[in-house]
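Tertiary structure, described
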Amino acid sequence: MDENQTIDHDRIMRINIEEEMKSSYIDYSMSVIVARALPDVRDGFKPVHRRILFGMRGIGNFSNQPYKKCARVVGEVLGKFHPHGDSSVYGALVRMGQEWNMRYKLVDGQGNFGSVDGDSAAAMRYTECRLAKMGERVMDDIEKDTVDMVNNFDDTLSEPSVMPTKIPNLLVNGGNGIAVGMATNIPTHNLSEVIDGCCAYIDNPEITTEGLMQFIPAPDFPTGAYIYGLQGVKDAYETGRGRVVMRAKAEIEAGDSHDKIVVTEIPYGVNKAQLIEYIADLVKEGRLEGISNVNDETGRQGMRIVVDVKRDANANVILNKLFKMTALQSSFSVNCIALVNGRPRLLNLRECIKYFVEHRHDVTIRRTQFDLKKAQERAHILEGLIIACDNIDEVVHIIRASKTPSEAQTNLEKRFELDELQSKAIVDMRLAQLTGLRMDQLHEEYEQLMQTIKSLQEILDNPERCKEVMKEELNEVKEKYGDDRRTEIIPDEHEFNAEDFYPNDPVVITISHLGYIKRTPLTDFKEQARGGVGSKGARTREKDFTEYIYPATMHQTMLFFTKNGRCYWMKCYDIPEGDKNSKGRAIQNMLSLEPGDSVNAFLRIRGLDNEEFLDKHYVVFVTKKGLVKKTSLRAYSRPRTNGVIAININESDEVVDVRLTNGNDELIIANRNGRACRFHEKHVRTMGRVSTGVRGMKLDDDCEDEVIGMVVVNDAENETVMVVSEEGYGKRSLVDDYRLTNRGGKGVKTLNITEKTGKLVAIKTVTDDNDLMIINKSGIVIRMAVAKCRVMGRATQGVRLINLSKKNDTIASVCKVMSAEMEERIEEESKADWEKTNQQIKNDTSSIDTKLEAEGVNTNETE
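Residues numbered from 1 in each chain as written. Predicted model: local features only at pLDDT ≥ 70, side-chain atom pairs only at ≥ 80, totals over all residues. Heavy atoms only, no water.

For the chain, the name recorded in an unreviewed UniProt entry is DNA gyrase subunit A, with Prevotella bivia DNF00320 as its organism. The Catalytic activity (unreviewed entry) comment attached to the chain in UniProt states, word for word, "ATP-dependent breakage, passage and rejoining of double-stranded DNA." In its Subcellular location (unreviewed entry) section, the UniProt record describing the chain reads: "Cytoplasm". (UniProt positions renumbered as here; feature names shortened; annotations may be inferred.)

Right under this line is the structure:
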């Protein structure tokens, strides 16, 4: 070290870095929370908004004055009150002037202030602004010592610590902000409704949230649209946190060639341009079918987004999908955190109104005290002037006889017992006030002042009178600036029932080996004769094939069960539609499947809200190792996004089949080696969801044997058992051919397994009203009538059901569906009902047209 360099040890402070970082970060956090990010519960403003309005008032930028450059306002605020970046001030200024963000604008802007498409405002040197009338009302009476004034950043000026607002701005215009460790997000409300709620609270401070909701039913957004369901609103009003579901206002316009979906109002906070772009991307990617074009026709008449629906598509279905897949339905997550006495607090609706009303009470009292003091001071002066006027000759004589004004004041004080203020007012009095008219005016002014003093004193002495004044002022604001609600409320969130948009048609759910799923109308499959080659089925990827085919209807709930024992839920109409030749969509993109897991069984449930149905039905599992488990259906009645554990699976085992029973059914389990075990389900006790089960069938010891399926016997007299082998052989046998035993046995022979037949792959219960759909691993599908397969003994090898044209090809899956004849009969009945309804509509329309023509209305013209 250089000899000239020394260390001043007295100036070095040793500190603990952990304590210093903790202290510094806490100071920073509190600064962000209190002085930047969170609004005050009393006026609903953050410091930057408060300073902008106060700065505009300071330069006389009122609503009845010409506009001033925004740069002028920003400079005023930066230089005097807000020592931060100009972008933060200008951004806050712009937002207060955007009608799609603020329910009631506080700033009147001129120029480019941005758009609902997300366009930013022009630079502040190009735009102009002035206070809106609502912005002025926020600062009413600020000059009457109604709020505390604090020093600015350099202690040269004073600024208000809070605004003496007559407007409950926290609720009316809402707000959002991100602090450190917390955030706030408060929706906008209707001014008239909030003021009615405030008046109700003034009348009854014990009013409940439910009582306040009679006046403030829900938020009211500047962009209108719908609030969909009130449960989230109620949660937010009661706890301060909730989820308000919003839905766009859309109508379907019928056209000659195709229908149109016209959106006129979108949810609050949604970017219109991004919304349209996203819809176009969905159509382009094939995720949303039935749309030919999307246009933005917004103009001076208002917002108008037009979605052109293809000729053969159902506009109601398309609209429902748009709500589900796009921001046309979105949610507002309420997190009502505001500063109360300088501390952040989570507030419910009643507390927000309570603190505003208390603030208004404080402002009213302080203003009244200020006015009373001024009135008393003026009355005191008038008393002196009146004494002088009543003794004017003597007063003039005293003044003329005095050498100086101060001597005149002293002489007047002694003669008439006045104080210094009164004597000075008399000495300063002009000669014009000596006229009779002016003297009468002094007496009249004094009498009026005494009435004013009495009225002001009553406000201070009588709490009920103070409440009346508060309510009068609030109602005055309501009459001047209140308007109708923009956002309509749909109280029952089940008003939009997705099932109303989908006909309950029969479909076929197809799942491929690699996990691709689709639904296809049942009518896409045509019946073929027994022994046919079949038609080309789904296009699949290399080494993939359709493995499972299940019949269902559009309104049914699908319970998906994976081989690892988890359960997932999905409505049939939520499964993507595809034709017979499409490959479908990957299940892992639709369900939250765990790695290495796959769906291999499911149940079709008409409704999970039927309590009696849930209590009387059971879910029965069978695993590859022959275990069975029975659990009440109620255990699977509450859908969860990530699924639930359906059965506890042992290592090297997996779920093979899942069936729904009524508690009094018989089960038949079949194994790969051609045996079947029939037993009553009462032999399997009911267990919980997270359990393993008991032995249902004893397997062979060849290490290759496994359970291939399970059927439920509901009607032993009319049902038959259909089994199919991997080489395309199958047969029907009577249920009674399988003797009833206890669970856990080896069972009896159900198919004579030979090298020609191959191992058993499927077991089904069928009747003559069923068709079989058989698919092999190469993707060939055949549909055949069960009635064409004769019933034979269970120990035979059966007959050939499908010819396997490719070498090493085997049967992959077998499914039973409704017969073609029954399907056609139902279709004809449905068509007849539709034609009858359609004819009735035409008749009604014709009668309306006739009536209109009789009244002189031209029905061929459209407005």
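From this point on, the discussion continues.
1. So, the packing of helix H7 (residues 191-203) against helix H17 (residues 463-481)
Two numbers describe how H7 lies on H17: the axes approach to 9 Å, and their chain directions differ by 170 degrees. Between H7 and H17, the crossing angle belongs to the class labelled roughly antiparallel. Here Leu191, Ser192, Ile195, Asp196, Cys198, Cys199, Ile202 and Asp203 of H7 lie close against H17, whose contacting residues are Lys467, Met470, Lys471, Leu474, Asn475, Val477, Lys478 and Tyr481. By residue class, the composition of the contact of H7 with H17 is 9 nonpolar, 2 polar and 5 charged. (Axes fitted to C-alpha atoms, helices over the stretch in contact; angles between N-to-C directions. Helix = DSSP H or I, 4+ residues; strand = E, 2+ residues; numbered from the N terminus. Parallel < 35°, antiparallel > 145°, perpendicular 65-115°, else oblique. Contact = heavy atoms within 4.5 Å. Nonpolar A, V, L, I, M, F, W, Y, C, P; charged D, E, K, R; others polar.)

2. Things to note about the nonpolar core
A general trend in soluble globular proteins is that nonpolar side chains are found buried together. Ile52, Leu53, Leu93, Leu191 and Ile353 are the most contacted members of the largest nonpolar core, which totals 101 residues. Sorting elements by how many residues they give to this core places helix H12 (residues 349-390) first, with 17 residues. Beyond its immediate stretch of four places on either side in the chain, Ile353 contacts Leu171, Gly197, Cys198, Tyr201, Leu212 and Ile216. One finds Leu275, Ile276, Val309 and Phe323 within the second-largest nonpolar core, a separate group that totals 23 residues. (Core = buried A, V, L, I, M, F, W, Y, C linked by side-chain atoms within 4.5 Å. Buried < 20%, exposed > 50% of the residue type's maximum accessible area, 1.4 Å probe, protein only.)

3. So, the environment of Met554
With respect to the helices and strands, Met554 occurs in the loop between strand E21 (546-553) and strand E22 (557-562). Met554 has contacts with Tyr502, Pro503, Asn504, Asp505, Val507, Arg519, Cys572 and Tyr573, leaving out every residue within four places of it along the chain.

4. Here's the deal with the side chain of Thr631
Within the secondary structure, Thr631 sits in strand E27 (residues 627-632). If we skip the residues at most four places from it in the chain, Thr631 touches Tyr618, Val619, Tyr636, Thr686, Met687, Gly688 and Arg689.

5. Here's the deal with helix H15 (residues 420-427)
Along H15, the residues classified as buried are Gln422, Ser423, Ala425 and Ile426. Axial view of H15: buried residues confined to an arc of 160 degrees, hence all on one face. H15 presents Glu420 and Leu421 as exposed residues on the side facing more than 90 degrees away from its buried surface. Against the buried residues of H15 lie H12, helix H13 (392-401) and helix H14 (405-416). One side-chain oxygen of the residue at the start of H15 lies 3.3 Å from the amide nitrogen of Leu421, identifying that residue as Asp419. (Arc of directions from axis to C-beta. Polar contact = N/O pair within 3.5 Å; in protein donor to acceptor, adjacent residues only side chain to side chain.)

6. Digging into the sheet that holds strand E26 (residues 618-623)
Overall, antiparallel pairing links the 4 strands, which are arranged E29-E26-E27-E32 in an open sheet. Looking along the sheet, the strands with just one partner apiece sit at the ends: strand E29 (655-661) and strand E32 (694-695). Bridging between E26 and E27 involves 5 bridges; their strand directions are antiparallel. By the bridge assignment, Tyr618 is partnered in E27 with Ser632. (Pairing = 2+ DSSP bridges.)

7. Some words on the sheet that holds strand E1 (residues 68-69)
The 3 strands lie next to each other as E1-E3-E2, forming an open sheet whose pairing is antiparallel. The outermost strands of the open sheet, each flanked by one partner alone, are E1 and strand E2 (107-110). Note that E2 and strand E3 (residues 128-131) share 4 bridges and pair antiparallel. Its bridge partner being in E3, Val107 is matched across the sheet by Leu131. On top of the sheet, helix H2 (residues 47-58) reaches E2 and E3; it is set at about 90 degrees to E3, its chief contact.

8. What to know about the confidence of the model for the chain
Residues with a pLDDT of 70 or more make up 88% of the chain, whose mean pLDDT is 84. A low-confidence stretch, residues 854-863 (pLDDT under 50), is modelled with 4 contacts involving residues beyond four sequence positions or located in other chains. (pLDDT = per-residue confidence, 0-100.)

9. Details of the pattern of salt bridges
Under the defined criterion, the tally for this structure stands at 51 salt bridges. With a closest N to O distance of 3.0 Å, Arg366 and Asp148 form a salt bridge. Linking Arg366 in helix H12 with Asp148 in the loop between helix H5 (133-138) and strand E4 (149-151), this pair joins segments that are 218 residues apart in sequence. A relative accessible area of 18% places Arg366 in the buried class. Across the salt bridge formed by Lys471 and Asp203, the nearest N and O atoms sit 2.7 Å from each other. Note that Lys471 is positioned in helix H17 and Asp203 in helix H7, a separation of 268 residues in sequence. Look at Asp203 and you get exposed, because its relative accessible area is 53%. Through salt bridges that share partners, Arg103, Glu193, Asp220, Asp483 and Arg485 make up one connected network. (Salt bridge = Lys/Arg side-chain N within 4 Å of Asp/Glu carboxyl O.)

10. Here we look at the packing of aromatic side chains
Two aromatic rings, taken as a pair, are described by how far apart their centres are and by the angle between their planes. Overall, the coordinates contain 7 aromatic pairs when judged by the stated rule. Ring geometry for Tyr268 versus Phe332: centroids 6.1 Å apart, planes at 35 degrees, classification tilted. Placement of Tyr268 in the loop between strand E11 (260-265) and helix H10 (272-284) and of Phe332 in strand E14 (residues 329-335) is noted, with a sequence separation of 64 residues between them. Owing to a relative accessible area of 12%, Tyr268 belongs among the buried residues under this scheme. An aromatic cluster is built from Phe221, Tyr268 and Phe332, whose rings are joined through pairwise contacts. In this arrangement the basic side chain of Arg247 is found over the ring face of Tyr228, its NZ or CZ atom lying 4.5 Å from the centre. The ring of Phe323 is capped by Arg247, whose NZ or CZ atom sits 4.0 Å from the centre of that ring. (Phe/Tyr/Trp six-rings, centres within 6.5 Å; stacked < 30°, edge-to-face > 60°. Lys NZ or Arg CZ within 6 Å of the ring centre and 35° of its normal.)

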